Amino acid sequence: MSEVIVITSGKGGVGKTTTTANLGMGLAMRGKKVVLVDTDTGLRNLDLLLGLENRIMYDLVDVTQGRVPYKKALVRHKKQESLFLLPTSQVKDKTAVNPEELVKLCAELRKEFDYVLIDCPAGIEQGFQTAIAAADCAIVVTMPEISAVRDADKIIGELGRADKENVKLVVNRIRPQMVEKGDMLDMEDINDILSIECIGQVPDDEMVVTSTNRGEPCIMMDHSLAGQAYRNIVGRILGEKVPFMTFPKEGFFSRLKRVFNL
């Protein structure tokens, strides 16, 4: 049975779109047929993270307004044949698609795809209400910073008011050294505040920037710590019991090299 998952966050810049791209790629790598639906109308970036920006002919607004069938707007990934993108418009605003239209579209997508992943705009405005309308499950992405966690708490409250009960958490851009020194919230602090199941702890990883610039999700990179964390999340989404990663701590010689630019 297909599943519609919305990936959301209260605060912008926490890695929500990066998470969407990596989870979609990871599920496709595991043999699932996946479509990523970008609902961040006016500010689309999902196409860039997948390296598909030059292949877009039609978008979500064209589909919901009946100008083209959804299959005509789908863009297949260049390296992963079971992964598709349904991009949104760069020129319309978030009122261009309403919740009823997205629910109807997702009902059609369910017939063809194992997973429908919806990349939700940040915040709690109209775009958020539209993006969550058809979702069976929500993944809230945050960072170990008090402002990001507070905004995630607001999003969780809004999901509850919309009767979305299956809500999971992904904590992104964790810096173990800062957590150890008390300069970042640790997982115990975050769990105390949010009180929802965490399915992912993703370390801060420079390879994410590299992968973004290449248009290839870091989950495709064997030596990326963030990529491994995303592979673990995919396993948990598929019902596997996967232990959480233990992050390496920075040793004396590593700090010495960093200080002296060795």
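Rules and cut-offs
Residues numbered from 1 in each chain as written. Predicted model: local features only at pLDDT ≥ 70, side-chain atom pairs only at ≥ 80, totals over all residues. Heavy atoms only, no water. UniProt positions renumbered as here; feature names shortened; annotations may be inferred. 1 Å grid on protein atoms, 1.4 Å probe; cavity = no way out; pocket = protein on both sides within 12 Å on 5 of 7 lines; lining within 4 Å. Helix = DSSP H or I, 4+ residues; strand = E, 2+ residues; numbered from the N terminus. Contact = heavy atoms within 4.5 Å. Pairing = 2+ DSSP bridges. Axes fitted to C-alpha atoms, helices over the stretch in contact; angles between N-to-C directions. Buried < 20%, exposed > 50% of the residue type's maximum accessible area, 1.4 Å probe, protein only. Points joined across faces, edges and corners; volume = space filled by probe spheres on them. Nonpolar A, V, L, I, M, F, W, Y, C, P; charged D, E, K, R; others polar. Disulfide = S-S within 2.5 Å. Right-handed = clockwise from strand over helix to strand, strands pointing away. Patch = residues over 30% accessible without salt bridge, like charges linked within 9 Å, V, L, I, M, F, W, Y side chains within 5 Å. Areas by Shrake-Rupley, 256 points an atom, 1.4 Å probe, with all protein chains shown as cover. Salt bridge = Lys/Arg side-chain N within 4 Å of Asp/Glu carboxyl O. Lys, Arg positive; Asp, Glu negative; His and termini not counted. Charge placed at Lys NZ, Arg CZ, Asp CG, Glu CD.

**Examining the UniProt feature "binding site: ATP" (unreviewed entry) in the protein**
Now for step 1: The UniProt entry lists Lys 11, Gly 12, Gly 13, Val 14, Gly 15, Lys 16, Thr 17 and Thr 18 under the feature "binding site: ATP" (unreviewed entry), expressed in the numbering used here. Lining residues of the second largest cavity, restricted to the annotated ones just named, are Thr 18.
Now for step 2: Relative to the elements of secondary structure, Lys 11 occurs in the loop between strand S1 (3–8) and helix H1 (16–29).
Now for step 3: With near-sequence residues (within four places) excluded, Lys 11 lies in contact with Ala 122, Ser 147, Ala 148 and Asp 151.

**Comments concerning the sheet that holds strand S4 (residues 83–86)**
Now for step 1: Across the sheet, eight strands lie side by side as S3-S4-S2-S5-S1-S6-S7-S8; this open sheet has mixed pairing. Sheet topology places strand S3 (75–76) and strand S8 (197–203) at the edges, where each strand pairs with a single neighbour.
Now for step 2: As judged from the five bridges shared by strand S7 (residues 167–174) and S8, these two strands associate in the parallel manner. In the strand pairing of S8, Ile 174 is matched with Pro 203.
Now for step 3: Along the sheet face, helix H9 (residues 187–194) touches strand S6 (137–142), S7 and S8 and points at about 145° away from the line of S7.

**Concerning the side chain of Asp 47**
Now for step 1: Here Asp 47 lies in helix H2 (residues 46–49).
Now for step 2: Residue class for Asp 47 comes out buried when judged on its relative accessible area of 3%.
Now for step 3: Apart from residues no more than four positions distant in its own chain, Asp 47 is found in contact with Leu 52, Glu 53, Ile 56 and Leu 85.

**Things to note about empty space enclosed by the protein**
Now for step 1: Using the criterion set out here, one finds two cavities of 30 Å³ or more in the structure.
Now for step 2: A volume near 50 Å³ is recorded for the largest cavity.
Now for step 3: For the largest cavity, the full set of lining residues is Thr 39, Thr 41, Leu 60, Lys 94, Val 97, Gly 127 and Thr 130.
Now for step 4: Grouping the constituent residues of the lining of the largest cavity by class yields two nonpolar, four polar and one charged.
Now for step 5: Put simply, the parts of the chain that give the lining of the second largest cavity at least two residues each are H1 and helix H10 (206–214).

**Let's talk about the state of the cysteines**
Now for step 1: For the structure shown, the criterion picks out zero disulfides.
Now for step 2: Between Cys 218, a cysteine without a disulfide, and Cys 198, which holds the nearest cysteine sulfur, the sulfur-to-sulfur distance is 16 Å.
Now for step 3: The exposure class of Cys 218 is buried, given its relative accessible area of 0%.

**Topic: the pairing of S7**
Now for step 1: Among the eight residues of S7, six are classified as buried, and the element is accordingly described as predominantly covered.
Now for step 2: Crossover S6 to S7 through helix H7 (residues 146–161) is right-handed.

**Some remarks on unusual backbone geometry**
Now for step 1: At Arg 173, a residue that is not glycine, the phi angle is positive and equals roughly 55°.
Now for step 2: Residue position: Arg 173 is located in strand S7.
Now for step 3: A positive phi angle, near 55°, is found at Ser 195, a position not held by glycine.
Now for step 4: Looking at the secondary structure, you find Ser 195 in the loop between H9 and S8.
Now for step 5: Note on Ser 195: relative accessible area 60%, which makes it exposed.

**A short note on the pairing of S1**
Now for step 1: Taking burial as the measure, the six residues of S1 include five buried ones, the bulk of the element.
Now for step 2: Judged from the five bridges that link them, S1 and strand S5 (residues 115–119) form a sheet pairing that is parallel. Of the residues in S5, the one forming a bridge with Val 4 is Val 116.
Now for step 3: Here S1 runs beside S6; their pairing, made up of four bridges, is parallel. Paired with Ile 7 across the two strands is Ile 139, which belongs to S6.

**Comments concerning a negative patch on the surface**
Now for step 1: A surface patch of negative charge is lined by Asp 186, Glu 188, Asp 189 and Asp 192.
Now for step 2: Its place among the elements puts Asp 192 in helix H9.
Now for step 3: Judged by relative accessible area, Asp 192 falls into the exposed class, the value being 57%.

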